[in-house]
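Read off the chains here:
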Amino acid sequence: MATVTALDDRVLEGLAEIVGHQYVLTSKTARINRARVPSMFAVHRWEEHVPQVVVLPASAHEVSEIVKLANRERIPVVPRAGGTGLVDGAVPLNRGILVDIKRMDHVGEVDLAERAITVGPGVNMFKLNEMLRPYGVMYPDNPASYTCALVGGRIGTNGWSLLGARFGHVRNLVISFEIVLPTGEIIRVGEGGGIKTRSSSSGYRLKELFMGTQGTLGIVTEATLELVKRPEAEFSAFWLQRSYDTAWKTGGELMRSGYATIAGVMLFDERKVDFVRRDDEAYVPQPDWCEAVCAFALYGNRAEVRPAAKEMMRIAKASGGEYVGDEIAQLDWSARHDRYATPLHGRTPNGQVAPMSWHCEDAGIPYPKVPEIRKRWHAIVDDLVARHPIFDDWGMFSYTNGPYKPWGDMLCEIDVGIWEEHLDDETWGAWVDCKREIARASIEVGGTISAAHGSSRAGEVDLVPLELGGAYDVMKTIKRALDPNNIMNPGKYGLDSAYEDG
Amino acid sequence: MQGYRRADQTPPPAQRITDLVVMRHEHIYEVDPDLMTEHVEQQHIPAWDMLRMVDSRLEWLYMLQAHFSDERVSGEELLAEIEAEEASHP
Ligand SMILES: Cc1cc2nc3c(=O)[nH]c(=O)nc-3n(C[C@H](O)[C@H](O)[C@H](O)COP(=O)(O)OP(=O)(O)OC[C@H]3O[C@@H](n4cnc5c(N)ncnc54)[C@H](O)[C@@H]3O)c2cc1C
């Protein structure tokens with residue numbers, strides 16, 4: 001494995017020759033700020049993850065030269081985009097060179113004939129769509145981290161979009177991309193050799209191979225993105241339900257209803273409803289009988305959205321629930337990007353407010369198993385909270401998972417608050433065990449450890465070989481073949497083991 | 001010109017909404033101050049500042065709505081239509 005204790009001046013000088021002195025950052029602040037991501041972090045061991053140097057390249061050529069230098073010197077390289085990833089992908093496990101791709105934020109020509117745009121990996125979706133608005137098109141990748149995640153990180157995680165049922169997820173929305181391989185070669189992957197071609201039967205499916213790698217197989221330097229017609233109409237509805245079972249059944253009917261403009265169907269369980277009830281800024285007054293919420297959203301042309309929404313409202317009404325009204329429904333949907341990380345909503349067992357940070361475990365769960373996983377996950381987290389009251393169960397929600405096909409399985413997410421200030425080796429260990437149990441339960445019900453974020457963190461990562469079986473061995477073979485010196489984000493996904501048997 | 005008057009900035013008295021939440025300004029819900037005594041203390045926020053924060057959040061939410069689509073379909077309208085249809089064909 002590539003490891004390094006201190007970078008000598010020769011290496012720093014080499015980096016400066018590639019990107020220019022001003023883009024080689026060695027100050028403590030520049031490095032410490034790029035050590036962690038928002039997911040739960042062993043803050044008491046922060047120092048172990050501080051990169052030795054941060055570089056900000058401006059082109060594929062510069063990235064390639066950095067990677068070649070790192071290979072010569074056997075120094076780990078960690079790509080970092082928005083730093084919002086939730087599975088420690090951008091955390092330097094073995095320190096080394098952190099490649100911050102934010103300067104690569106060029107935006108190419110808006111091609112309205114082929115409905116595509118080519119951008120740098122440092123571009124943010126929100127800003128891109130503001131720029132695209134006058135053209136009547138948008139790039140519809142919409143994670144809850146919409147305003148801060150960047151295109152490079154979205155590809156690095158094979159990200160999942162809140163509007164995925166309607167427009168697809170990152171793998172459906174990135175038509176092709178350019179990537180610098182771990183040995184420095186620059187290649188383009190997409191549909192065959194086409195930059196804007198949507199489908200090809202030529203060769204292996206390399207686009208998917210280089211997505212969701214958490215930066216272990218190279219650094220994306222450019223991407224060509226899908227442009228769709230900007231929706232004329234949006235519809236969102238939140239229905240209060242008397243029981244989780246009713247919400248789940250109603251959600252199932254809505255998911256299978258067949259309306260093509262569905263962007264997502266969501267379920268909130270009673271713990272999530274309790275969490276919302278403690279919320280100070282987005283508090284939605286709810287009747288005592290409300291134990292769950294079933295919500296849905298549609299996007300598209302007015303002529304399609306309105307009739308479909310009406311039929312879906314008919315289904316929801318038949319469930320016996322209560323519609324929250326337009327104002328709350330529309331604003332709550334609009335708040336989908338910032339309702340998660342509400343630090344002062346942590347509570348100690350006696351109900352006192354404690355400053356907790358947010359963590360979520362996400363999984364892809366077969367629809368019939370969603371009620372079962374809900375019970376199992378809460379039991380696992382309850383046990384953790386009983387032993388260590390610095391944790392707090394913030395409830396579960398579920399969301400249609402398949403691109404264009406919102407049925408069959410759901411992205412389920414259990415949110416857990418953690419009072420990081422009180423973390424030590426014992427509580428951190430308990431947390432990692434808890435994560436492992438959550439992941440194991442997901443596999444046991446026939447699901448996948450993660451539907452959106454990845455599974456490269458302590459706890460779940462040990463179970464990836466169990467989930468993938470023989471496919472995990474193929475992953476290791478690919479990693480060793482493409483990254484002979486294990487310099488690209490070493491330590492992730494347990495892939496160091498690819499180098500152990502010679 | 002009307003200057004800043006400290007007395008005007010004292011929020012109205014809290015009205016209890018649930019056993020966890022109080023309300024001082026209309027539709028602005030706050031955690032019950034009794035729950036903010038041990039680890040985090042509630043800050044005193046002048047009325048104008050609280051209203052400014054809430055307004056800017058609303059502005060942000062409305063901006064995002066306009067960002068994603070031109071118009072919103074009303075669920076209330078759709079429900080009224082469904083109910084009228086149900087009433088005419090019970
Ligand atoms: C509040 C919040 C809500 C979220 N909601 C969602 C959601 O709805 N859907 C979802 O999918 N995710 C969500 N996430 C997780 C996160 O935003 C995504 O994983 C996102 O794709 C990460 O993008 P980033 O730009 O922040 O990447 P980073 O965190 O910087 O990097 C993510 C991974 O990609 C690698 N990487 C970065 N740049 C490159 C590159 N140029 N080439 C190759 N690899 C690279 C990194 O090494 C790392 O492994 C959420 C996170 C937060 C904090």
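Look above for the structure.
In short, a report on the structure. (Residues numbered from 1 in each chain as written. Chains lettered and ligands numbered in written order. Predicted model: local features only at pLDDT ≥ 70, side-chain atom pairs only at ≥ 80, totals over all residues. Heavy atoms only, no water.)

Re the overall build of chain B
A tally of regular secondary structure across chain B gives two helices and four strands. Each helix (α) and strand (β) of chain B, taken in turn from the N terminus, gives the series β-β-β-α-β-α. Taken over the C-alpha trace, chain B has a radius of gyration of 20 Å; the compact-globule value for 90 residues is 12 Å, which it surpasses by more than 25%. For chain B, the spread of C-alpha atoms along the principal axes amounts to about 60 × 35 × 30 Å. Here the contacts in chain B between residues at least 6 apart in sequence split such that 20% fall between residues at least 24 apart. Summed over its atoms, the accessible surface of chain B is roughly 6100 Å², and 53% of this surface lies on carbon and sulfur atoms. Each charge class in chain B can be summarised by its mean position, and for the 7 positive and 19 negative side chains these summaries are 13 Å apart. (Helix = DSSP H or I, 4+ residues; strand = E, 2+ residues; numbered from the N terminus. Rg over C-alpha atoms; globule rule 2.2 N^0.38 Å. Contact = heavy atoms within 4.5 Å. Areas by Shrake-Rupley, 256 points an atom, 1.4 Å probe, with all protein chains shown as cover. Lys, Arg positive; Asp, Glu negative; His and termini not counted. Charge placed at Lys NZ, Arg CZ, Asp CG, Glu CD.)

A short note on helix α3 (residues 60-73) of chain A
Residue and element names in this part refer to chain A. The end-to-end C-alpha distance of α3, which contains 14 residues, comes to 20 Å, matching closely the 20 Å that a straight helix rising 1.5 Å per residue would cover. For α3, the full list of buried residues reads Ala-60, Glu-62, Val-63, Ser-64, Ile-66, Val-67, Leu-69, Ala-70 and Asn-71. A positive phi of about 60° marks Arg-74, the residue just after α3. (Expected span 1.5 Å × (residues − 1). Buried < 20%, exposed > 50% of the residue type's maximum accessible area, 1.4 Å probe, protein only.)

Description of the packing of aromatic side chains
Tallied over the entire structure, the rule returns eleven aromatic pairs over all chains. Both rings, one in Phe-235 of chain A and one in Phe-296 of chain A, keep their centres 6.0 Å apart while their planes meet at 45°; by these two values the pair is tilted. Of the two residues, Phe-235 of chain A sits in strand β11 (residues 233-241) while Phe-296 of chain A sits in strand β13 (residues 292-300), which places them 61 residues apart along the sequence. Each member of the pair, Phe-235 of chain A as well as Phe-296 of chain A, carries the same accessibility label: buried. Taken together, the ring pairs connect Phe-126 and Tyr-146 of chain A together with Trp-60 and Phe-68 of chain B into an aromatic cluster. In this structure, Arg-336 of chain A is placed above the aromatic ring of Phe-68 of chain B, and the distance from its NZ or CZ to the ring centre is 4.6 Å. Here the guanidinium or amino end of Arg-374 of chain A rests over the ring plane of Tyr-244 of chain A, the centre of that ring lying 4.2 Å away. (Phe/Tyr/Trp six-rings, centres within 6.5 Å; stacked < 30°, edge-to-face > 60°. Lys NZ or Arg CZ within 6 Å of the ring centre and 35° of its normal.)

Comments concerning the nonpolar core
In a soluble, globular protein the nonpolar side chains are often hidden away together inside. Residues and elements named next belong to chain A. Phe-177, Phe-235, Phe-296, Met-313 and Trp-377 are the most contacted members of the largest nonpolar core, which has 120 residues in total. Top contributing element to this core by residue count: β13, with eight residues. Look past the residues within four positions of Trp-377 in its chain and what remains in contact with it is Glu-361, Ala-363, Ile-365, Met-396, Cys-412, Glu-413, Ile-414, Ile-438, Ala-441 and Ser-442. Counting 26 residues, the second largest nonpolar core, distinct from the first, contains Val-11, Val-19, Leu-69 and Ile-487. (Core = buried A, V, L, I, M, F, W, Y, C linked by side-chain atoms within 4.5 Å.)

Topic: the pattern of salt bridges
For the structure shown, the criterion picks out 50 salt bridges over all chains. With a shortest N-O distance of 2.7 Å, Glu-86 of chain B and Lys-317 of chain A are connected by a salt bridge. Note that Glu-86 of chain B is positioned in helix α2 (residues 75-88) and Lys-317 of chain A in helix α11 (residues 302-318), a pairing that runs across two chains. On the basis of relative accessibility, which here comes to 36%, the residue Glu-86 of chain B falls in the partly exposed class. (Salt bridge = Lys/Arg side-chain N within 4 Å of Asp/Glu carboxyl O.)

A look at the sheet that holds strand β8 (residues 186-189) of chain A
Residues and elements named next belong to chain A. Pairing is antiparallel in the open sheet, where four strands are placed in the order β5-β9-β7-β8. Looking at the sheet topology across the chains shown, the edges are occupied by β5 (116-119) and β8. Geometrically, the sheet is characterised by an average inter-axis angle of 15° between neighbouring strands, direction not taken into account. When strand β7 (residues 174-180) meets β8, the two strands line up antiparallel, connected through four bridges. The residue of β8 that forms the bridge with Val-180 is Ile-186. Strand contacts of α3: β7, β8 and β9 (219-226), with the helix running at about 45° to β7, the strand carrying the most contacts. (Pairing = 2+ DSSP bridges. Axes fitted to C-alpha atoms, helices over the stretch in contact; angles between N-to-C directions.)

Overview of the site of the ligand
All names here are of chain A. Around the ligand, 33 residues are found, and the nearest of them are Pro-79, Ala-81, Thr-84, Gly-85 and Ser-145. Pro-79 is positioned such that a nitrogen or oxygen atom in its backbone is 2.6 Å from an oxygen atom of the ligand. Residue Trp-160 places a main-chain N or O atom 2.8 Å away from a nitrogen atom belonging to the ligand. Compared with its free state, where it exposes 970 Å², the ligand has 95% of that area covered by protein. Element by element, the count of residues in the shell around the ligand is highest for helix α5 (residues 151-157), at five residues. Taken together, the residues of the shell around the ligand break down into 15 nonpolar, 16 polar and two charged. (Near = heavy atom within 4 Å. Polar contact = N/O pair within 3.5 Å; in protein donor to acceptor, adjacent residues only side chain to side chain. Nonpolar A, V, L, I, M, F, W, Y, C, P; charged D, E, K, R; others polar.)

Digging into the pairing of β13 of chain A
Residues and elements named next belong to chain A. Where burial is concerned, most of β13 is hidden: nine out of the nine residues are buried. By the alternation rule, side chains of β13 split into Ala-292, Cys-294, Phe-296, Leu-298 and Gly-300 and Val-293, Ala-295, Ala-297 and Tyr-299, which are all buried. Taken together, the nine bridges between β11 and β13 define a ladder with antiparallel strand orientation. Directly across from Glu-234, in β13, lies its bridge partner Tyr-299. Sheet topology note: the strand β12 (residues 262-268)/β13 ladder contains six bridges and is antiparallel. Its bridge partner lying in β13, Met-266 is registered against Ala-295.

Topic: empty space enclosed by the protein
Residue and element names in this part refer to chain A. In the structure shown here, the tally under the stated rule is two cavities of 30 Å³ or more. What the largest cavity holds in volume is close to 390 Å³. For the largest cavity, the lining is made up of 24 residues, of which Phe-238, Phe-268, Val-276, Asp-332 and Arg-339 are closest to its centre. When residues of the lining of the largest cavity are traced back to their parent elements, those giving at least two are β11, β12, α10 (270-278), α12 (326-334) and β18 (391-400). Take the lining of the largest cavity: its biggest share by element is four residues, from α10. Tallied by class, residues from the lining of the largest cavity come to 18 nonpolar, one polar and five charged. In this structure, the second largest cavity occupies an estimated 70 Å³ of space. Along the wall of the second largest cavity there are 13 residues; nearest its centre are Val-87, Cys-360, Glu-361, Asp-362 and Gly-454. (1 Å grid on protein atoms, 1.4 Å probe; cavity = no way out; pocket = protein on both sides within 12 Å on 5 of 7 lines; lining within 4 Å. Points joined across faces, edges and corners; volume = space filled by probe spheres on them.)

A short note on α11 of chain A
At 3.6 residues per turn, the α-helix brings residues three or four places apart onto the same side. With 17 residues, α11 of chain A extends 24 Å between its outermost C-alpha atoms, agreeing within 8% with the 24 Å of an ideal straight helix rising 1.5 Å per residue. Within the span of α11 of chain A, buried status applies to Val-305, Ala-308, Ala-309, Lys-310, Met-312, Met-313, Ile-315 and Ala-316 of chain A. Against β11, α9 (244-255), β12, β13 and β14 (322-323) of chain A together with α2 of chain B lie the buried residues of α11 of chain A. Backbone geometry just downstream of α11 of chain A places Gly-320 of chain A in the positive-phi region, at approximately 85°.

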